[in-house]
Amino acid sequence: MRKMMTAFAAITMTTGLVACGDNDEAEVITEDAASDGTITGEWLADVDSAEFENDNRDYTLADGTFACNSCTPPYEVTANGEWQTVDRPGVDSIMVEEVDDRTVRASFRFDGEELGTSNWTLSEDGQTLTNNFTELSGDEDVTGSESFTRTADGPEGSHAMSGKWTFADIGEISDAGLRFSYSVEGNQFTSTGNGSSFTATLGGDPVAIEGNNSNVMVSVEQTGENAYRETYSRDGEVLSTTDVSVDGDTLSAVNRDERDGAVVRYTAQRQ
């Protein structure tokens, strides 16, 4: 589903850094840790701070078939507004509908559960593509928007959405998609998100992410004082790394996708 949902939300979902919901224990941790400057506590990501590098998209919608050429791995489905079975990590059904000559809608499911929807709208001049998305797989629904700038046209005769795009701007994202919490007790590192969580031993083997259906594993190592690296993998292949560090009440994060070289940087504030 990555490269169809928002890049920022996809990053946070992949790493488990999504809304933690109403968690009394997390609130207590935050109160205890607010004055010690460690990573332990609850955080809210700052959308305005997000910076994207090499975040490119490549779509083709032609002859009734939609192809996401930049997805990892790429895939294609018939764009007839009907659910179709796909073999993808964490997604087993996709529906793509050509609404009109400037609008395309895509929805995703896993094991019968609705995961989310992307509504893509093309500007009148054809140079800007805006995605209004809804993410449904967590404890709380997440909504938001993002926009992309055209870098290349699609094939002749294809839908206007077709072509190559690069990230331009991120719009509002509901707080449910921006809140997350960390806890470190001894050598146990815990990350809690919107319906997903994990506890890993620092320097230990990868562990499964509870609430994640794509078989992603994560390992964590401490890289410095109040600095950690999370490494995400599937079937032994490294997918991405996230480096997080804390300075007082500000957390800085850098996520690198090892498959396509995309990088997302952002900060978060202690709550």
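Quick caveat, the model's predicted, so the values are computed rather than measured.

**Structural notes on the overall build of the protein chain**
Then, number 1: Counting secondary structure elements, the protein chain contains 2 helices and 21 strands.
Then, number 2: Counting the 271 residues in the protein chain, one finds 51% classified as buried.
Then, number 3: Considering only intrachain contacts with a sequence separation of at least 6, the fraction spanning at least 24 residues in the protein chain is 45%.
Then, number 4: Accessible surface computed for the protein chain: about 12000 Å², of which carbon and sulfur atoms make up 40%.

**A few points about the pattern of salt bridges**
When charged atoms on two side chains of opposite charge get close, those side chains can pair.
Then, number 1: Evaluation of the coordinates by the stated rule reveals 10 salt bridges.
Then, number 2: D249 is the partner of R270 in a salt bridge, and the nearest nitrogen-oxygen pair spans 2.8 Å. Separated by 21 residues along the polypeptide, R270 in strand β21 (residues 263-270) and D249 in the loop between β19 (237-247) and β20 (250-257) bring together distant segments of the chain.
Then, number 3: Assessed through its relative accessible area of 10%, R270 is described here as buried.
Then, number 4: A cluster of three or more residues bridged by salt bridges with shared partners is formed by R229, D243 and R256.

**Some points on the packing of aromatic side chains**
Then, number 1: On inspection of all chains with the given rule, the structure shows 9 aromatic pairs.
Then, number 2: Relative to F167, the ring of F148 has its centre 5.7 Å away and its plane inclined at 90°; by these criteria the two rings are edge-to-face. Residue F148 is located in strand β11 (residues 142-153), and its partner F167 is located in strand β12 (residues 163-173); the two are separated by 19 residues in the primary sequence.
Then, number 3: According to the relative accessible area criterion, F148 is buried, its value standing at 1%.
Then, number 4: An aromatic cluster is defined as three or more aromatic residues linked by ring pairs; in this entry it consists of F52, Y59, F66, W120, F148 and F167.

**Observations concerning the state of the cysteines**
Then, number 1: Under the defined criterion, the tally for this structure stands at 1 disulfide.
Then, number 2: Across the disulfide from C68 sits C71; the S-S distance is 2.1 Å. Its S-S torsion of approximately 80° makes the covalent link between C68 and C71 right-handed.

**Regarding the side chain of T242**
Then, number 1: Examined against the element boundaries, T242 turns out to sit in strand β19.
Then, number 2: Within the structure, T242 has its side chain in polar contact with the side chain of N255 (distance 2.7 Å).

**Focus on the pairing of strand β15 (residues 197-201)**
Then, number 1: Residues of β15 alternate between two faces, with F198 and A200 buried on one and S197, T199 and T201 left unburied on the opposite face.
Then, number 2: Connecting strand β14 (residues 188-192) to the next strand, β15, in antiparallel fashion are 4 residues, including G195 with a positive phi near 90°.

**Notes on the nonpolar core**
One recurring pattern in soluble globular proteins: nonpolar side chains tend to sit buried together.
Then, number 1: F66 and L251 are the most contacted members of the largest nonpolar core, which has 54 residues in total.
Then, number 2: Among the elements that take part in this core, β12 stands out by supplying 4 residues, more than any other.

**Brief notes about a negative patch on the surface**
Then, number 1: A contiguous patch of negative charge on the surface is contributed by D46, D48, D169 and E172.
Then, number 2: Within the fold, D46 resides in the loop between β1 (41-45) and β2 (51-53).
Then, number 3: When its relative accessible area of 31% is taken as the criterion, D46 is described as partly exposed.

**Section: the confidence of the model for the protein chain**
Then, number 1: In this model, the protein chain carries an average pLDDT of 87, and 87% of its residues clear a pLDDT of 70 or more.
Then, number 2: Taken together, the stretch residues 1-35 has pLDDT below 50 and engages in 127 contacts with residues farther than four places along the chain or on a different chain.

**Observations regarding the sheet that holds strand β4 (residues 65-68)**
Then, number 1: Strand order in this open sheet of 10 strands is β5-β4-β3-β12-β11-β10-β9-β8-β7-β6, and the pairing throughout is antiparallel. Unpaired on one side and paired on the other, β5 (75-78) and β6 (84-88) mark the two borders of the sheet. Here the average twist between neighbouring strands, direction ignored, is 30°.
Then, number 2: Here β6 runs beside strand β7 (residues 91-100); their pairing, made up of 3 bridges, is antiparallel. Its bridge partner lying in β7, R88 is registered against V91.

Definitions and cut-offs
Starting afresh in each chain, residues are numbered from 1 along the sequence in its written order. The predicted nature of this model means local features are confined to residues of pLDDT at least 70 and side-chain atom pairs, given and counted, to a pLDDT of 80 or more, with totals for whole chains, interfaces and linings taken over all residues. Derived side-chain values reflect all non-hydrogen atoms in the structure, with water molecules and hydrogen atoms excluded from consideration. A run of DSSP states H or I qualifies as a helix once it reaches four residues; a run of E qualifies as a strand once it reaches two. Both are numbered from the N-terminal end. Type-normalised accessible area, obtained with a 1.4 Å probe on protein chains alone, sets the label of each residue: buried when under 20%, exposed when over 50%, and partly exposed for intermediate values. Contact between two residues is taken to exist if any of their heavy atoms lie within 4.5 Å; hydrogens are not considered. Every accessible area reported is derived by Shrake-Rupley at a probe size of 1.4 Å, with residue values counting cover from the shown protein chains alone. A carboxyl oxygen of Asp or Glu within 4 Å of a side-chain nitrogen of Lys or Arg is what we treat as a salt bridge. Here a pair means two rings of Phe, Tyr or Trp (six-membered ring of Trp) with centres within 6.5 Å. Their orientation is stacked below 30 degrees between planes, edge-to-face above 60, and tilted elsewhere. Put simply, a disulfide is two cysteine sulfurs that come within 2.5 Å. Polar contacts, as used here, are pairs of N or O atoms within 3.5 Å; protein pairs need one atom able to donate a hydrogen and one able to accept it. Residues neighboring in sequence count only if both atoms are side-chain atoms. When DSSP finds two or more bridges between a pair of strands, those strands are recorded as paired. Only buried residues count toward a nonpolar core. Its members are Ala, Val, Leu, Ile, Met, Phe, Trp, Tyr and Cys residues joined through side-chain atoms within 4.5 Å. Surface patches are drawn from residues lacking salt bridges whose relative accessible area is over 30%; two like charges belong together within 9 Å, two nonpolar side chains (Val, Leu, Ile, Met, Phe, Trp, Tyr) within 5 Å. The convention is simple: Lys and Arg are positive, Asp and Glu are negative, and His and the chain ends are not counted. A charged residue contributes its charge at one atom only: NZ of Lys, CZ of Arg, CG of Asp or CD of Glu. What pLDDT reports is the predictor's confidence in each residue, on a scale of 0 through 100. Each axis is a line fitted through C-alpha atoms, taken for helices only over the stretch in contact, and angles between the N-to-C directions span 0 to 180 degrees.

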